[in-house]
Amino acid sequence: MMSGFSFDLVKRVPERRRERKETFQHLVGTAGPYGEVSLKITNDREATLVADGLPDATISNLFGPSGYVAVDEYVRVTVGGVTARLSRNRFALRSEDRGINIELGSRRYTYLCGPTWREELRDSERGPVVRRGDRRDGAVMTLDVLPDADATDLALALVMQGADTSVLTIGRVIVNGVWSFLNGTHANR
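The structure presented is a predicted model; accordingly, all values stated were derived computationally and were not measured. Sequence positions are assigned chain by chain, starting from 1 and proceeding in written order. The predicted origin of the model limits local features to residues at a pLDDT of at least 70 and limits the giving and counting of side-chain atom pairs to 80 or more, whereas totals for whole chains, interfaces and linings rest on all residues. Each side-chain value is derived from all of the structure's non-hydrogen atoms; neither hydrogens nor water enter the calculation.

A separate point is the pattern of salt bridges. In a structure, side chains of opposite charge can pair up when their charged atoms sit close to one another. The working definition used for a salt bridge is a side-chain nitrogen of Lys or Arg within 4 Å of a carboxyl oxygen of Asp or Glu. Evaluated as defined, the whole model comprises 13 salt bridges. We note a salt bridge from R107 to D150, for which the minimum N-O separation is 2.7 Å. Linking R107 in strand β9 (residues 107-113) with D150 in the loop between β12 (141-145) and α2 (151-159), this pair joins segments that are 43 residues apart in sequence. For R107, a relative accessible area of 24% gives the class partly exposed. Through salt bridges with shared partners, a single network forms among R107, D123, R126, D150 and D153. Numbering of helices and strands starts at the N terminus; helices are DSSP runs of H or I of at least 4 residues and strands are runs of E of at least 2. Using a 1.4 Å probe on the protein chains alone, a residue whose accessible area is under 20% of its type maximum counts as buried, one over 50% counts as exposed, and one in between counts as partly exposed.

What follows is the structure in structure tokens.
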């Protein structure tokens, strides 16, 4: 079993003009023993994880606004060639119940806003495996990889950073709804 570690994801600006137009956000970092990771979120409603030490992973949705990928009945997540099934209770009031349930092969996860109000990936048997940590200077986000996590857990947690997670708490749903109404747009995150 590996000890836990933390790492930062920072924004990388694409060099080519065309790629800048197609890219919503490109995050890179070094995920401890797994090496360099790259998460590219495109304006075509897709986020792709590429990392030598982790399984390839994508999250996509043919519908919805560009930017972060909407988590609804049309979302598709694959990790290491295995397609996941996602579900959630849109009408739940408690944060624990509003999580995104993920079935990936024989594994069962919930992606939720945890007790410290930080997003986390929780395995049904092992508990939390990856969570957002305290953001450090220059980082878009910091991820804490807990000791029980493996490569599949980390790949899934990373690709979920490309998802629109505004659905995880009632407060964010309300704030985003008001913001969207006032701006005439769809607010993500």
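On we go.
We now examine the sheet that holds strand β4 (residues 46-51). Following DSSP output, two strands are said to pair if at least two bridges run between them. As summarised here, the arrangement of the 12 strands in space is β1-β2-β3-β4-β5-β6-β7-β8-β9-β10-β11-β12, forming a closed barrel in which the pairing is antiparallel. The sheet shows a mean angle of 20° between the axes of neighbouring strands, direction not considered. Where β9 meets strand β10 (residues 119-123), five bridges bridge the pair, whose relative direction is antiparallel. Bridging across to β10, Y111 finds its partner in L121. Axes here refer to lines fitted to C-alpha atoms; in helices the fit is confined to the stretch in contact. Angles between the N-to-C directions go from 0 to 180 degrees.

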